[in-house]
Amino acid sequence: MDAAAEKKRLREWAKARRGMLSSEEKRREDAAVCQRVLELAAYRKAKTVFCYIAIGGEIDVTKLIFQAWKDGKRIAVPKCGKYGQMDAREITSLSSLSAGRYGILEPKEGAPVVLPEEIGLAVVPCLACDKRGYRLGYGGGYYDRYLPKIGGASAVLCRERLLMDEVPVEPFDCRMDWVITESQTADTRKRG
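Residues numbered from 1 in each chain as written. Predicted model: local features only at pLDDT ≥ 70, side-chain atom pairs only at ≥ 80, totals over all residues. Heavy atoms only, no water.

Time to look at the packing of aromatic side chains. Within the structure shown, the criterion is met by 3 aromatic pairs. Here the aromatic rings of Phe50 and Tyr143 are separated by 6.4 Å at their centres, their planes lie at 50°, and the arrangement is tilted. One end of the pair, Phe50, is in strand 1 (residues 48-50); the other, Tyr143, is in helix 5 (residues 142-146), with 93 residues separating them in the sequence. Overall, the relative accessible area of 0% leaves Phe50 in the buried class. Aromatic side chains Phe50 and Tyr146 sit 5.3 Å apart centroid to centroid with 45° between the ring planes, which places their arrangement in the tilted category. (Phe/Tyr/Trp six-rings, centres within 6.5 Å; stacked < 30°, edge-to-face > 60°. Helix = DSSP H or I, 4+ residues; strand = E, 2+ residues; numbered from the N terminus. Buried < 20%, exposed > 50% of the residue type's maximum accessible area, 1.4 Å probe, protein only.)

See below:
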């Protein structure tokens with residue numbers, strides 16, 4: 001099976017597995033993952049954090065966003081453009097978001113653009129990921145196109161139950177610097 005077909009199969013597996021979570025398990029895991037992000041030296045050092053707005057069973061980072069504002073950090077979130085293209089836009093409250101492409105909450109038109117090189121830490125979602133730092137997303141390639149431009153580190157947030165030894169990798173896939181689950185923080189830069 002080629003990498004694209006295997007990814008498609010794994011996406012279905014991850015969505016089904018993620019769907020089995022109870023709301024209590026989800027809350028507990030989300031809180032633990034967010035706490036681990038706050039403990040990263042890369043978080044403490046970052047002046048600007050690029051973060052996603054969770055959909056479905058993704059790890060909810062709302063508490064992380066609020067803490068970052070309390071810590072005096074700038075928060076940027078994705079705004080999707082034409083297929084596969086996105087940029088980072090600054091938000092100062094969650095009320096400045098509205099449903100955008102794919103029904104995902106995004107900054108409204110006119111929100112200030114944050115340049116990739118200004119981002120100290122990118123916090124990225126996944127359906128699943130592997131221990132090497134490769135993530136399985138939804139297949140649009142938005143993050144894989146955007147993340148190589150950022151000035152800082154990247155961390156993928158994954159539920160432990162969705163952490164795999166290896167996901168299929170294609171040449172355009174971008175490797176994350178950190179894999180963070182509810183029970184571990186792994187620096188993938190130390191792996192081969």
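Further notes follow.
The biggest cluster of nonpolar side chains holds 60 residues, and the ones touching the most others in it are Phe50, Leu64, Leu121, Val123 and Leu157. The residues touching Val123, leaving out its near neighbours within four places in the chain, are Val37, Val49, Phe50, Cys51, Tyr52, Leu64, Ala155 and Leu157. (Core = buried A, V, L, I, M, F, W, Y, C linked by side-chain atoms within 4.5 Å. Contact = heavy atoms within 4.5 Å.)

The terminal C-alpha atoms of helix 1 (residues 3-18), which comprises 16 residues, lie 22 Å apart, in line with the 22 Å expected from a rise of 1.5 Å per residue. Those residues of helix 1 hidden inside the fold are in contact with strand 8 (128-130), strand 9 (135-136) and strand 11 (163-164). (Expected span 1.5 Å × (residues − 1).)

If you walk across this open sheet you meet the 8 strands as 6-3-2-1-7-10-12-13, and the pairing is mixed. The strands lining the two open edges of the sheet, one partner per strand, are strand 6 (113-114) and strand 13 (185-187). Of the strand pairs in this sheet, strand 1 and strand 2 (residues 74-80) are connected by 3 bridges, and their pairing is parallel. Residue pairing in the sheet places Val49 in a bridge with Ile75 of strand 2. (Pairing = 2+ DSSP bridges.)

So, on to the sheet that holds strand 8. Taken in spatial order, the 3 strands of this open sheet run 9-8-11, and their pairing is mixed. Since the sheet does not close on itself, it has two edges, and those belong to strand 9 and strand 11, each with one partner. Alignment of strand 8 against strand 9, held across 2 bridges, turns out to be antiparallel. By the bridge assignment, Ala128 is partnered in strand 9 with Leu136.

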